[in-house]
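Commentary on secondary and tertiary structure
Each chain is listed here by its residues.
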Amino acid sequence: MAAPPPADERPLVMLAQALFPEFAAALAGRYRFALLADADAAAADEARALLVGGLPRVTAQHLGVLPALKLVACTSVGVDHVDLDACRSRGLSVTNAGAAFAADSADYAVGLLVAVLRRVAAADVYVRSGRWAADGDYPLTTKVSGKRVGIVGLGNIGSRVARRLAAFGCAVSYHSRSPKPSAPYPFVPALRDLAAGSDVLVLSCALTDETKHMVNRDVMEALGKGGVLVNVGRGGLVDEPELLRCLRQGVIGGAGLDVYENEPAVPPELLAMENVVLSDHRAVLTPESIGGVLEVVIANLDAFFSGRPLVSPMEL
Amino acid sequence: VVATLKLATMAAAGGKPAVLLLRPVDAPFAAALRDRFRVLDLYAPGQALPALAFVAAAAAVPEPPRATVIWGGVRVDASFLDAAPSLRCVVSTAAGLDHIDLAECARRGVAVANSGEVYSTDVADYAVGLLLDVLRRVSASERYVRRGSWAAQGDYPLGSKLGGKRVGIIGLGNIGSRIAKRLEAFGCIIHYNSRKPKDSVSYKYFPNVHELAAESDVLVVACALNKATRHIVNKDVLEALGKDGVVVNIGRGANIDEAELVIALREGKIAGAGLDVFEHEPKVPAELFSMENVVLSRHVAVLTEESRSDLRAHTIGNLEAFFSGQPLLTPVHADSLAQ
């Protein structure tokens, strides 16, 4: 990366919310910052770039106070917290974390999948409670290798999930907005058909108006009573109340969930279920990845301010 | 008298060869055996003789059993073989062979068949699941969420990336090689130790486990238990692995010096462990229960529906091969393992 410019030539970057300390420290020498909520009129008029750390809501109103804005740079993978319609109509560029988190998210999706199918977390609880010989036979679980896996969204994360599960001998198919000619897996145009032909459904796509609640009762019935849902995308991809009903009624066999419709609220009913594995929206992040995100953010901002092509622009 | 009458009933069932069944089996397995053999079943309802007495009584029926089906809980040694001199074939359904005196069997011309690759995939899958769980804290964050702590206290501490980690596999057999193949897809770098280097793989070989540990971030125990591998992961190896290192054991508890492992975890000399097996099952060191950086299970790596039915087919395959004078599907030779 180029050496940081002298202090008074640093470009101004507006912040949607305060940066995490690691980010702030890493970026301080390269840019000047102002916090959107506190910014004075001069800063608001000057700011051409808005850096969105974390997942705060960024609305048309927020964007509206920044007349010179041209770039919205996000540190996350999913950008459903940003009003993309407003960005589109103003001709703004939006960048995300690109592939910085992709491996970690994919790793975690597989970890959840194995944990659900092989009851890894449940086994751990069992042993910690001191039960072993006392309680007789432990239930048989189901083999991971060779399962038919349907991946929804074959982007950076989904394609890595596919590669990992292929090494387990799983048969991978996928559904996305359009087929990816270079992908070596069968494309299934209808989500319901993907579910019908899969033992496991992995959600790794963006949350948009089209994909909201895409996993509904119909899809879950198609997935079927031995089927498992793994969600490392967004809670809103799944009709959550319907998911609870389907789990309770045995319409599907189990779920591995890293995301929920109203985080950090986890529906209490899930807490009592043995056939689900729950986590706190952690798929995306390891300490090693934070460095990766910083690189992407800096690369995007540097490219923007020097008129070069963005590194991880999103199609709006 | 009732006990021997029961045995006589079992032994009298038609002209099929007799098989001495010394492990409990589920209904489909029992039915499949009875279809083909006269089954002398230690676990038959109403059968009350203790194991060794049952074996001796079975040896005394007309046309005594020439084959037996056992599991890991049955020690096949000189006194066992003395009690049933008619046995010419031992078919073990266990994943390991540490319960069989292979040299003694060879001396008596008793053929031994193991479970082949029936379990290998499921054990490999489980090993990867354990490693993912330890490194990414799947179970720990599960407990956190279920306690209601996410809303109250914010995010649980992050785990650690798999990609780029050097994974040292102890034993690159059927299970170890499958673990390697899976972890490569996660971007792990595979190192290994085994009795001899394997020309067919490009992974880096280490002649001893201490050196393997010194150059690995993760140690996976996937080897058999025998004299050479007892406590193969000891205090020195754990120190060489180091404070960011993780141990996964899907072999046998005794492959690791368990007391030293607990100390290393307690003192932060290693970062965590995923353990499916323990030295003195069903006893698990209670100190582990309060550790957040360990994932524990009660010897379940083989327990899937699929391997249960594969095992049934495989066991019957070995028995049928033996009784028809064909080579066993998965024979074990005394010299194939360092004993």
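Reading the values: rules and limits
- Here, residues in each chain are numbered from 1, in the same order as that chain's written sequence.
- Chains carry letters and ligands carry numbers; both start at the beginning, A for chains and 1 for ligands, and go up in the order they are written.
- Only residues with pLDDT of at least 70 get local features here, since the model is predicted, and only at 80 or more are side-chain atom pairs given and counted; chain-wide, interface and lining totals rely on the full set of residues.
- Side-chain measures were taken over the full set of non-hydrogen atoms in the model, leaving aside hydrogen atoms and water.
- Strand pairing is assigned whenever DSSP identifies at least 2 bridges connecting the two strands.
- Strands here are runs of E lasting at least two residues and helices are runs of H or I lasting at least four, both read from the DSSP assignment and numbered beginning at the N terminus.
- Lines fitted to C-alpha atoms define the axes here, with helix axes fitted over just the stretch in contact, and angles between the N-to-C directions of these axes take values from 0 to 180 degrees.
- Here a residue-residue contact requires only that any non-hydrogen atoms of the pair lie within 4.5 Å.
- Roughly parallel means an angle under 35 degrees; roughly antiparallel means over 145; roughly perpendicular covers 65 to 115; every other angle is labelled oblique.
- By definition, turning the near helix anticlockwise from the far helix through less than a right angle yields a left-handed crossing, and turning it clockwise yields a right-handed one.
- Three classes are used, and their members are as follows: Ala, Val, Leu, Ile, Met, Phe, Trp, Tyr, Cys and Pro are nonpolar, Asp, Glu, Lys and Arg are charged, and the others, Gly among them, are polar.
- Note: domain ranges come from an automatic or database domain assignment.
- Here's the idea: put two parts together, see how much 1.4 Å probe accessible area each one loses, and the total over both is what we call buried area.
- For salt bridges, the criterion is a side-chain nitrogen of Lys or Arg within 4 Å of an Asp or Glu carboxyl oxygen.
- UniProt positions are given in the numbering used here, feature names are shortened, and annotations may be inferred rather than shown by experiment.

What follows deals with the sheet that holds strand S6 (residues 148-152) of chain A. Either a parallel or an antiparallel arrangement is found when strands of a sheet pair, and the pairing is made through backbone hydrogen bonds. All names here are of chain A. In spatial order, the strands read S7-S6-S8-S9-S10-S11; together these 6 strands make up an open sheet with parallel pairing. Pairing within the sheet leaves two strands with one partner each, and these edge strands are strand S7 (171-175) and strand S11 (276-278). Averaged over all pairs of adjacent strands, the angle between their axes in this sheet comes to 15°, without regard to strand direction. Strands in contact with helix H7 (residues 156-166) are S6, S7 and strand S8 (200-203); relative to S6, the strand with the most contacts, it is inclined by about 170°.

Quick look at the packing of helix H5 (residues 102-117) of chain A against H7 of chain A now. When two helices pack together, their arrangement is given by the angle between their axes and by how far apart the axes lie. Residues and elements named next belong to chain A. As a packed pair, H5 and H7 sit with axes 8 Å apart at the nearest point and diverge in direction by 50°. Overall, the two elements H5 and H7 adopt an arrangement that is oblique. The hand of the H5/H7 crossing is right-handed. Contacts from Ala102, Ala103, Ser105, Ala106, Asp107, Ala109, Val110 and Leu113 of H5 reach H7 at Asn156, Ile157, Arg160, Val161, Arg164 and Leu165. Of the residues in the contact of H5 with H7, the class split is 9 nonpolar, 2 polar and 3 charged.

Our focus in this paragraph is the domain arrangement of chain B. Residues and elements named next belong to chain B. We note that the domain assignment places domain 1 (1-116 + 305-337) and domain 2 (119-296) within chain B. Centre-to-centre separation of domain 1 and domain 2, based on C-alpha positions: 34 Å. Opposite the 11 residues of domain 1 that make contact, domain 2 presents 7 residues. Carbon and sulfur atoms make up 46% of the surface buried where domain 1 meets domain 2, a total of about 770 Å² over both sides. At the boundary of domain 1 with domain 2, the tally comes to 1 salt bridge. For arginine 252, the salt bridge goes to aspartate 98, with nearest N and O atoms at 3.3 Å.

This paragraph deals with the UniProt feature "domain: D-isomer specific 2-hydroxyacid dehydrogenase NAD-binding" (unreviewed entry) in chain B. Under the present numbering, the feature "domain: D-isomer specific 2-hydroxyacid dehydrogenase NAD-binding" (unreviewed entry) in UniProt falls on residues 128-301 of chain B. Taken end to end, residues 128-301 of chain B has its terminal C-alpha atoms 11 Å apart, with 32% of it in helix and 16% in strand.

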